[in-house]
Amino acid sequence: MRQDRSQARTFTRRALLLGGGQALLFCALGARLYYLQVVEASRYTMLADENRINVRLLPPPRGHVFDRYGEPLAVNVENYRLVLVPEQIGDLERALDIIDRIAPLGEADRRRVLREARRKRGFVPILVRGNLTWDEVARIEVNAVDLPGVAIDPGLSRRYPQGEVMGHVVGYVAAVAEHELTGDPLLELPDFRIGKDGIERFRETDLRGLAGASEVEINAYGRVIRELGRRSGHAGEPVFLTVDLELQRYVGQRLAQERSAAAVVIDVHTGEVVSLASSPGFDPNLFSSGISQADWNTLRQDPRAPLANKAIMGQYAPGSTFKMMVAVAALETKAITPEQTIHCPGHYELGEQRFHCWKRGGHGPMNMHDAMKHSCDVYFYELARRVGIDRLAPMCRRFALGEPTGIELPAERPGLIPSREWKLQARKASWVQGETVLTGIGQGYVLTTPLQLAVMTARLVNGGRAVVPRLTRPAAMRENQPPPRRDLFPSLGISPQTLAAVRDGMAAVVNEQGGTAYAIRLRDGDLRIGGKTGTSQVRRISMAERERGVRRNDELPWRHRDHALFVGYGPVDAPRYAVSVVVEHGGGGSSVAAPIARDILVETLRRDPSRLVPPSRVVAEGTGGRS
Amino acid sequence: MSMLERQPRATTPLLLDRIWQISWPLVLLLTAIAGIGFALLYSAAGGSFQPWAQKQMLRFALGLTGLILVALVDLRIWLRLAYVIYAVALVLLVAVEVRGEIGMGAQRWIDVGLLQLQPSEVMKIALVLALARYFHGLDLDDIGRPVLLIVPAALVLAPAALVLKQPDLGTALMLGACGGVMFFIAGVRMWKFAVVLAGLAAMVPVAWEFLRDYQKKRVLTFLNPEADPLGAGYHIIQSKIALGSGGLFGKGYLLGSQTHLNFLPEKQTDFIFTILAEEWGLVGGLVLLGLYMLVILYGILIALRSQNQFGRLLAMGVSSTLFLYAFINCGMVMGLLPVVGVPLALVSFGGTAMLTILFGMGLVMAVYVHRDMELNRQGEIGTD
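The present account deals with the structure reproduced in this document. (Residues numbered from 1 in each chain as written. Chains lettered and ligands numbered in written order. Predicted model: local features only at pLDDT ≥ 70, side-chain atom pairs only at ≥ 80, totals over all residues. Heavy atoms only, no water.)

### Examining helix 20 (residues 450–461) of chain A
Residue and element names in this part refer to chain A.
Line of reasoning, step 1. Its 12 residues give helix 20 an end-to-end C-alpha distance of 17 Å, which sits within 8% of 16 Å, the value for a rise of 1.5 Å per residue.
Line of reasoning, step 2. Taking burial as the measure, the 12 residues of helix 20 include 12 buried ones, the bulk of the element.
Line of reasoning, step 3. Looking only at helix 20, the buried set comprises Pro450, Leu451, Gln452, Leu453, Ala454, Val455, Met456, Thr457, Ala458, Arg459, Leu460 and Val461.
Line of reasoning, step 4. Once helix 20 ends, the next one or two residues include Gly463, with phi positive near 95°. (Helix = DSSP H or I, 4+ residues; strand = E, 2+ residues; numbered from the N terminus. Expected span 1.5 Å × (residues − 1). Buried < 20%, exposed > 50% of the residue type's maximum accessible area, 1.4 Å probe, protein only.)

Given below as structure tokens:
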């Protein structure tokens, strides 16, 4: 009995002890729960949301590119892609066999699909093939019953309906490269394309638009349960070019008759570039869907550099087209008057050095009009010597040479206007006078791009205004557009007499008997154009060769032949357009470049929408010109 | 507290009396806990009685009927059956072990049609029953003799070893803890516990070597879950996120994102507490913990009220088992204990655990019904 009681007492004591212990541990659980759910609640709430909410970007449709009349140059087209969801498909190998019969798959595609199917979760769609033809889409839809889990996924891809014609200007889009990632998640979307060249690259920000986003709730396996919210982005803005597609097409075809050439046509008052072409070109469509290695190698290894836009990236010695700069500088610095003559014996002596005129026998006495017309080298050697490089170089810069024009294209080259400082820095040598003389005929160090030459010409003939080239417009041209104002740009401060004398010389080149481009004059007489030929030497002619007789261009290998250049404008009486043409290694400026420039100018004026020059007046003055 | 009032010493109560003697508030508490379980299983299934809630309700109804029946059976019969039940449980454990040996993998259950019987769950109650029977036969002086502790120690170690071999570390530890509780309330001297605990502590490095890789990983993960967030630490991290994001009042019934988006696997079994804490918040969690505390308190009071040692030990043992279920499971879900496979008593989906616990509570009820019965060391009515 006592035993029992003491046992019961022991039990009671221990039971209470145990119960107390248990109560304490339960309190610990309660405290832990309080800590997790109240103290740390906000942190865990955030983690739970991170778990379940996934933001998906909605890529904006890219802005279209149009020419000045609203013709499409770059558009988005529905691209039908074949995707499959492995978990719905059953036997993947068999399904791929069926697909292969309908829309042929490469072995590489097939292996990629199988690999992705192994790696990704069953409900994640896998891209089987892009760029399905309508025919393939239709056949897949017909066979849909046999192919559960296979779907046609419409996406947008970039098309360039004009193909090669606008390749250099519009550029192209391609997949984002590693170094182009900026942290913008949009760029990391697997299918995203960005502008790599041309306007596509230069106006990337406007064209791209703003990505929308969709917040979705996902479960632990990543499957989307529902959409929680959607933030709409906005589509990329359209871009309107100043380029006239039909003219560009014409220019492209005209240039394609030569091996390698570039041309620019610019409105001398507005600076609108109505055509900017480089030949040979490339089809930008090759890039938007991923270029093949073979195509890429072909483009890259072509010595005519089809990928380069030579109109802004090609730097050429301007040759005689540079003589206008020398003339303007000389007249402005009063180094000569238009009437004063310089005698040309066929060569020019400077100390021990002898510089040759292109005409071995010499031109005799030359005033400015004749020197321009015949492109007499000796006259301009002497002019350059009188002016000096220190006054010539600044004048060139006023005419937009030696620095990028700021055209809305990537990779524009600056050209080169040499100066004493430049030579000291770049060549570690001081300037010598012989170099000034050589610069006088656009040889030596001086380099220009076709675009710069067109702008230079425009500034010469528009009344000396600092026109700046533009490639884009705020909107497409409307009908009955008012004529452009002629005073959009500030004056360069060149005297009207100087400009008139130079224009007179340029008109004579084409329209007077004996002019270097007399062959290209317009015979039907309702229109006159002016211009200046240029032939720039690529190699040095040695004394020995000169004695043996200078080899003719067509005897030389292509890459040693002279560049043929021409700058022109029209109509002579009311200049409206300036053109520059460079035919790489084309030979003579007058025989090769001038006819091209003439054809381009005529076509440009024929297509001139605003008819700034009434046809009647063109006819009236065309007959009464100097001849 | 009416049940603490000393009733006149009775012999065997009549059947009708016994029904009246059943503590209905305790039944109500158990039903409340199970009810929370039904609601959570309904939520876990995405708002459906299938596949879990309905089955669980049927089992509870069955278990509750069993509980009443068990409570009405004379306590002496349970005392006599104690070793038999233990033996049956042990044989079942061995059977599972043998079946596992002959190549059916780590299967821990035997299919008996209605449910997949898990002998390790049954053993938890059977062990309490057997130890209660054993210590009932000893007086305080006997308990002081170490020789007489060999048999109960063997009773604990045999099933623990078998379960450990399955391998099921959680259940093995729980059996060990149950045994420890029984030794403690039977009156074994404190210093003996100290010796055993010290011995166990010394054994830890050795035991570590015997753990399976995944068990080691679980323990290491418990110590630092962030080390492997997508692998072994995934459960515990997601569980804590579910709890923490529930906040004070929860996200609302059926609205738990962690649960319904499947960030928590196995949510209907061992991690069911996370659904409660996520959807009902701290309030919901504390209510459930409170209900458990009330049931355990009831059990302790019944134990204290019992006039026989068998009843005291049995009621206290079963209550402590219930405590261990609740504490280990909650501790694991809250990241206080390593992840071991212990279900949340009466709430987690699972037949055996539900039925065993209700059987255990039936025994507690039987102790209450027969609280005034005085039993001698042989289990007969009367005193020594």
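### Remarks on the nonpolar core
Line of reasoning, step 1. If you look at the biggest cluster of nonpolar residues, it comprises 127 residues, and the most contacted ones within it are B:Phe135, B:Phe273 and B:Met361.
Line of reasoning, step 2. Excluding residues within four positions of it along the chain, B:Phe273 makes contact with A:Leu33, B:Gly285, B:Leu288, B:Asn329, B:Cys330, B:Val333, B:Met334 and B:Leu344.
Line of reasoning, step 3. Counting 95 residues, the second largest nonpolar core, distinct from the first, contains A:Val273, A:Leu350, A:Val387 and A:Leu499. (Core = buried A, V, L, I, M, F, W, Y, C linked by side-chain atoms within 4.5 Å. Contact = heavy atoms within 4.5 Å.)

### Comments concerning the packing of helix 14 (residues 323–332) of chain A against helix 16 (residues 377–387) of chain A
Residues and elements named next belong to chain A.
Line of reasoning, step 1. One way to put it is that helix 14 packs onto helix 16 with a least axis distance of 9 Å and a crossing angle of 45°. It follows that helix 14 is oblique to helix 16 by the angle criterion. Crossing handedness for the pair helix 14 and helix 16: left-handed. Note on element contacts: helix 16 touches helix 14 through Asp377, Phe380, Leu383, Ala384 and Val387, opposite Lys323, Val326, Ala327, Ala329 and Ala330.
Line of reasoning, step 2. By residue class, the composition of the contact of helix 14 with helix 16 is eight nonpolar, no polar and two charged. (Axes fitted to C-alpha atoms, helices over the stretch in contact; angles between N-to-C directions. Parallel < 35°, antiparallel > 145°, perpendicular 65-115°, else oblique. Left-handed = near helix turned anticlockwise from the far one by under 90°. Nonpolar A, V, L, I, M, F, W, Y, C, P; charged D, E, K, R; others polar.)

### With respect to the interface of chain B and chain A
Line of reasoning, step 1. The partner chain A presents 40 residues to the 60 residues of chain B that form the contact.
Line of reasoning, step 2. Interface area for chain B against chain A, summed over the two sides, is near 4100 Å², with a carbon-plus-sulfur share of 70%.
Line of reasoning, step 3. When the area that chain B buries against chain A is broken down by residue, the three leading residues are B:Leu140, B:Leu261 and B:Phe323, summing to 14%.
Line of reasoning, step 4. If you look at where chain B meets chain A, you find zero salt bridges.
Line of reasoning, step 5. Scanning the region where chain B abuts chain A turns up nine residue pairs in polar contact (both at pLDDT 80 or more).
Line of reasoning, step 6. When residues of the side of chain B that touches chain A are traced back to their parent elements, those giving at least two are helix 6 (140–143), helix 8 (169–186), helix 9 (190–210), helix 11 (234–246), helix 12 (257–260), helix 13 (272–305) and helix 14 (309–333) of chain B.
Line of reasoning, step 7. Sorting elements by how many residues they give to the side of chain B that touches chain A places helix 13 of chain B first, with 13 residues.
Line of reasoning, step 8. For the side of chain B that touches chain A, the residue count by class is 36 nonpolar, 16 polar and eight charged. (Buried area = accessible area lost by both parts, 1.4 Å probe. Salt bridge = Lys/Arg side-chain N within 4 Å of Asp/Glu carboxyl O. Polar contact = N/O pair within 3.5 Å; in protein donor to acceptor, adjacent residues only side chain to side chain.)

### Notes on helix 23 (residues 589–606) of chain A
Line of reasoning, step 1. Its 18 residues give helix 23 of chain A an end-to-end C-alpha distance of 24 Å, which sits within 8% of 26 Å, the value for a rise of 1.5 Å per residue.
Line of reasoning, step 2. With 14 of its 18 residues buried, helix 23 of chain A lies for the most part within the structure.

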